[in-house]
Amino acid sequence: MGKSAPHKKVKLIIGFIFNDAGVLKTAIRTAVKKWGPVDSESDVLDFCSTDYYQEELGDGLKRKFIGIKRLVSPENIYNLKIETNRTEKVLSRAGKRLVNIDPGYITESKLILLTTKDYGHRIYLGHGIYAEVTLKFQGGSFGPLETTYPDYKREECIMFFNNARHIYRESLKI
């Protein structure tokens, strides 16, 4: 019989889809107030993997990821998605979001995303929030699964997540 043990703390990762740099800046500022300083960030990338968000968010969409320095316990991680949903609502105009915020976390072996949508590969966490393994770490790098969103498969994104994992592993040594 295995023994249960507390999970190591995890590194928060937050992704943004947007077309207004000012809204992005406000969303990141809000994230920093809630969860602490940023220790890693991706470049701003074109978001061209799908037109799913175009009607609501507009044309010329961009994607950016940040990593939060402070590690957290994953015990009640569903609160992260609840908070990012609140931020999206606050930053909405006329009932439409101006930014899509994708929260999740990194462990040594995977990237987990949080969502409100249930599908066969997602696990219910409570309070209307689900989790999915989006990337797995194997052979020295993160790699996609069959259900991984196309933009998370991009080389630039994989490089960001590998770097964030390296920072995470270094912070576990402290």
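As the structure is a prediction and not an experimental result, all values here were calculated from the model.

## Digging into the layout of surface pockets
- For the largest pocket, the calculated volume is near 510 Å³.
- Along the wall of the largest pocket there are 28 residues; nearest its centre are Tyr52, Tyr53, Asp102, Lys117 and Tyr149.
- Among the elements of the structure, helix H3 (78-90), strand S5 (99-106) and strand S6 (110-115) are those that each provide at least two residues to the lining of the largest pocket.
- Here the lining of the largest pocket is composed, by residue class, of eleven nonpolar, eight polar and nine charged.
- If you add up the space inside the second largest pocket, you get close to 250 Å³.
- If you go around the second largest pocket, you meet 16 residues; those closest to its centre are Pro74, Ile77, Tyr105, Leu125 and Ala131.
- Listing elements by their share of the lining of the second largest pocket, those giving two or more residues are S6, strand S7 (123-126) and strand S8 (129-138).
- Looking at the lining of the second largest pocket element by element, the count peaks at three residues for S8.
- Partitioning the lining of the second largest pocket into residue classes produces nine nonpolar, four polar and three charged.

## So, the pairing of strand S4 (residues 62-72)
- Counting buried residues along S4, eight of its eleven residues qualify, which places the element largely inside the surrounding structure.
- Of the pairings in the sheet, the one linking strand S1 (residues 10-18) to S4 comprises eight bridges and is antiparallel in character. Directly across from Lys11, in S4, lies its bridge partner Leu71.
- The sheet contact formed by strand S2 (residues 38-41) and S4 spans three bridges and is antiparallel. Of the residues in S4, the one forming a bridge with Glu41 is Ile66.
- Bridge count for strand S3 (residues 45-46) against S4 is two bridges, and the pairing is antiparallel. Pairing of Leu45 across the sheet is with Arg63, part of S4.

About the criteria used
Counting restarts for each chain: residues are numbered from 1 in the order of the written sequence. Residues qualify for local features only when their pLDDT is at least 70, as the model is predicted, and side-chain atom pairs are given and counted only at 80 or more; totals for whole chains, interfaces and linings, by contrast, use all residues. Excluded from the side-chain calculation are hydrogens and water; included are all heavy atoms of the structure. A cavity here means a set of 1 Å grid points, computed over protein atoms only, where a 1.4 Å probe fits but cannot escape. A pocket is an open set with protein on both sides within 12 Å along at least 5 of 7 lines, and lining residues have an atom within 4 Å of a point. Grid points are joined across faces, edges and corners, and a volume is the space filled by probe spheres set on the points. For helices the rule is a DSSP run of H or I covering at least 4 residues; for strands it is a run of E covering at least 2, with both sets numbered from the N terminus onward. Residues are sorted three ways: Asp, Glu, Lys and Arg are charged, Ala, Val, Leu, Ile, Met, Phe, Trp, Tyr, Cys and Pro are nonpolar, and all the rest, Gly among them, are polar. Relative accessibility under 20% of the residue-type maximum defines a buried residue, over 50% an exposed one, and the middle range a partly exposed one, all with a 1.4 Å probe and only protein chains included. For two strands to count as paired, DSSP must find a minimum of two bridges between them.

That's the geometry; what it means functionally is another story.
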